[in-house]
Amino acid sequence: MIPKLYEKVTATKADYIGNINKCTKCEVTEVRNGAYTLSLETTVNDDCANMLLSQRIIGAKANPFDGVQYFEIQSTERGTTGIIKVEAKHIKNYCFQYCSEGDLGFDGQTATINGTPSQIWNSLNSEYITTEIPFSFYSDITEKLDFSLGLSTPETLGNILGGKEGSFLDIWGGEYHWNNFNIQLLAQRGEMKDFQIRYGSNISDYTQSESCDGTYSHVLPYGKVSLGNRKINFFAPVFEISGHKCSTTKVYMLDCTGFLDNYSVGEQGARYDTVRSAMTKYAKAYAKNNRLGELQVTIDVTLRAELDEMSQIGLCDTVKVILDDLGTTATAKITEVTYNTLTERWEKLVVGESRVTVADMILNKGRYIK
């Protein structure tokens with residue numbers, strides 16, 4: 001598709017300026033639970049050349065599945081070559097423009113509410129965020145957990161959703177799906193795809209490496225917790241990570257101070273063993289979510305497959321990587337994608353720690369071939 005330029009957009013209205021009709025490059029990259037950006041190049045002869053200004057909005061196809069997505073222009077570069085380069089961020093970045101006001105009567109005791117992500121969102125929206133926000137929120141996660149970020153002290157909506165410790169993403173995990181002003185926090189965004197990346201079939205070359213630098217056998221949770229009007233050092237018992245791949249004992253020291261902000265001990269607080277149990281539960285979830293017990297395997301592969309074969313694979317989907325001569329069969333998620341808006345094809349897929357690059361495989365007439 002041809003990218004479009006807008007003066008501004010809301011959840012219900014877009015003020016159209018024109019088509020960026022001389023565009024020579026328009027690529028959208030999205031990282032699982034991370035950055036969502038657009039990189040565009042056009043010429044000074046473009047009808048919109050003089051109107052590509054910061055804070056204006058570019059509408060572009062970002063993947064095969066969603067409708068046109070909106071990206072706010074962050075920067076433009078113009079030089080003597082006649083090429084205009086534009087960098088933009090997805091409209092989800094607006095989340096950092098809204099914030100909770102916290103508790104004006106905050107006395108140092110952190111407030112906590114319990115609920116599902118949807119319930120917490122509704123509470124934040126009705127009680128703590130006083131300005132009207134344009135975003136809607138949905139989550140299929142039904143587990144009720146304690147949440148405190150932004151309740152006692154001010155915090156941006158972006159950080160509340162996933163920008164720091166104690167956020168929705170930190171507490172519940174899951175995978176975000178951003179569709180303009182519609183936010184979805186899903187237990188699992190993608191699905192298992194019946195697609196194999198296999199050496200000798202659709203892989204022309206690969207390099208595999210393995211590292212144990214970030215692999216641990218045990219976790220020691222520690223931090224500082226409130227005892228009356230002071231903070232004390234606090235520890236939970238060391239535990240072994242289930243199914244870890246370490247051949248020797250290697251302990252990961254996990255600072256739980258941020259988590260412990262929700263607790264106090266002593267006469268006016270919780271029992272020590274109650275807090276230790278909560279720390280251990282938090283630490284076990286952290287070890288699992290961050291795969292502390294696993295070896296980090298990286299497979300750089302070069303594809304020679306038709307992109308049409310991968311057209312229905314998307315971010316967070318799971319595929320199988322098979323390297324027969326190494327005896328390796330890996331099942332991994334697609335963790336990063338780059339989409340060519342102009343050709344409406346994938347340019348790059350990153351599989352887990354594995355990188356699947358197809359950008360350099362264009363032959364005549366712009367076709368990718370086996």
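What you see is a predicted model; the values in this text were computed from it and never measured.

Another point: the side chain of Ser 167. Note that Ser 167 resides in the loop between helix 2 (157–163) and helix 3 (168–172). The exposure class assigned to Ser 167 is buried, which follows from its relative accessible area of 1%.

Under the 1.5 Å per step criterion, the end-to-end length of helix 5 (residues 272–289) is 26 Å for 18 residues, consistent within 8% with the ideal 26 Å. Turning to helix 5, its buried residues are Val 275, Ala 278, Met 279, Thr 280, Tyr 282, Ala 283 and Ala 287. Looking one or two residues beyond helix 5, the residue adopting positive phi is Arg 291, at roughly 50°.

The next thing to look at is the sheet that holds strand 13 (residues 175–179). One open sheet holds the 3 strands; their spatial order is 10-14-13, and the pairing between them is mixed. The open sheet is flanked by strand 10 (136–139) and strand 13, the only strands paired with a single partner. Put simply, the sheet's adjacent strands are angled 15° from each other on average, direction ignored. Here strand 10 pairs with strand 14 (residues 182–186) via 4 bridges, running parallel.

The phi dihedral of Asn 180 is positive, around 55°, even though this residue is not glycine. Mapped onto the elements, Asn 180 comes out in the loop between strand 13 and strand 14. One non-glycine residue, Glu 344, lies in the positive phi region at around 55°. Among the structural elements, Glu 344 can be located in the loop between strand 24 (328–340) and strand 25 (345–351).

Judged by relative accessible area, Asn 180 falls into the buried class, the value being 12%. Separated by 90 residues in the primary sequence, Asn 180 and His 90 have C-alpha atoms spaced 7.6 Å apart. Filtering out sequence-adjacent residues up to four positions away, Asn 180 remains in contact with Val 68, Gln 69, Tyr 70, His 90, Ile 91 and Phe 135. Among the polar contacts listed, one links the side chain of Asn 180 to the backbone oxygen of Val 68, at a separation of 3.0 Å.

Ranked by size, the top nonpolar core spans 51 residues in total, and within it Leu 38, Trp 121, Leu 124, Leu 161, Phe 168, Tyr 176 and Ile 183 carry the most contacts. Ignoring sequence-local partners within four residues, the contact set of Tyr 176 consists of Asn 33, Phe 137, Leu 161, Gly 162, Phe 168, Leu 169, Ile 183, Gln 184, Leu 185 and Arg 189. Among the nonpolar cores identified, the runner-up in size contains 21 residues, and Phe 239, Leu 254, Cys 256 and Val 265 belong to it.

So, about the pattern of salt bridges. A side chain of one charge can pair with a side chain of the opposite charge if their charged atoms are brought near each other. Counted under the stated rule, the structure contains 9 salt bridges. The partner of Lys 333 in a salt bridge is Glu 175, with the nearest N and O atoms 3.0 Å apart. A residue pair is termed long-range when its members are at least 10 positions apart, and Lys 333 in strand 24 and Glu 175 in strand 13 qualify at 158 residues. Lys 333 sits in the partly exposed class, given a relative accessible area of 23%. If you follow the salt bridges from partner to partner, you end up with Arg 32, Glu 175 and Lys 333 in one network.

Our next topic: the side chain of Glu 175. Judged by relative accessible area, which is 2%, Glu 175 ranks as buried. At a separation of 3.0 Å, a polar atom in the side chain of Glu 175 contacts the side chain of Lys 333. Excluding residues that lie within four positions of it along the chain, Glu 175 makes contacts with Arg 32, Asn 33, Gln 184, Leu 185, Leu 186, Gln 188, Arg 189, Gly 190, Cys 316 and Lys 333.

Averaged over every residue, the pLDDT of the protein is 83; residues scoring 70 or more account for 82%. Within the protein, the lowest mean pLDDT, 48, falls on strand 26 (residues 354–357), and the highest, 98, falls on strand 5 (residues 57–60). Within the model, pLDDT remains below 50 along residues 358–370, and this stretch shows 32 contacts once partners closer than five positions in the same chain are excluded.

Aromatic rings considered in pairs are described by the distance between their centres and by the relative angle of their planes. For the structure shown, the criterion picks out 17 aromatic pairs. Here the aromatic residues Trp 121, Phe 137, Phe 147, Phe 168 and Trp 172 are joined through ring pairs into a cluster of three or more. Lys 284 extends its terminal NZ or CZ atom over the ring of Phe 239, reaching a point 5.6 Å from the ring centre.

There is a patch of nonpolar side chains on the surface, built from Val 238, Val 251 and Met 253 and spanning about 260 Å² of accessible area. Within the secondary structure, Val 238 is located in the loop between strand 18 (230–235) and strand 19 (239–240).

By secondary structure assignment, the location of Thr 280 is in helix 5. With sequence-adjacent residues up to four places away left out, Thr 280 is seen in contact with Ala 236, Pro 237 and Phe 239.

Rules used throughout
Residues numbered from 1 in each chain as written. Predicted model: local features only at pLDDT ≥ 70, side-chain atom pairs only at ≥ 80, totals over all residues. Heavy atoms only, no water. Helix = DSSP H or I, 4+ residues; strand = E, 2+ residues; numbered from the N terminus. Buried < 20%, exposed > 50% of the residue type's maximum accessible area, 1.4 Å probe, protein only. Expected span 1.5 Å × (residues − 1). Pairing = 2+ DSSP bridges. Axes fitted to C-alpha atoms, helices over the stretch in contact; angles between N-to-C directions. Contact = heavy atoms within 4.5 Å. Polar contact = N/O pair within 3.5 Å; in protein donor to acceptor, adjacent residues only side chain to side chain. Core = buried A, V, L, I, M, F, W, Y, C linked by side-chain atoms within 4.5 Å. Salt bridge = Lys/Arg side-chain N within 4 Å of Asp/Glu carboxyl O. pLDDT = per-residue confidence, 0-100. Phe/Tyr/Trp six-rings, centres within 6.5 Å; stacked < 30°, edge-to-face > 60°. Lys NZ or Arg CZ within 6 Å of the ring centre and 35° of its normal. Patch = residues over 30% accessible without salt bridge, like charges linked within 9 Å, V, L, I, M, F, W, Y side chains within 5 Å. Areas by Shrake-Rupley, 256 points an atom, 1.4 Å probe, with all protein chains shown as cover.

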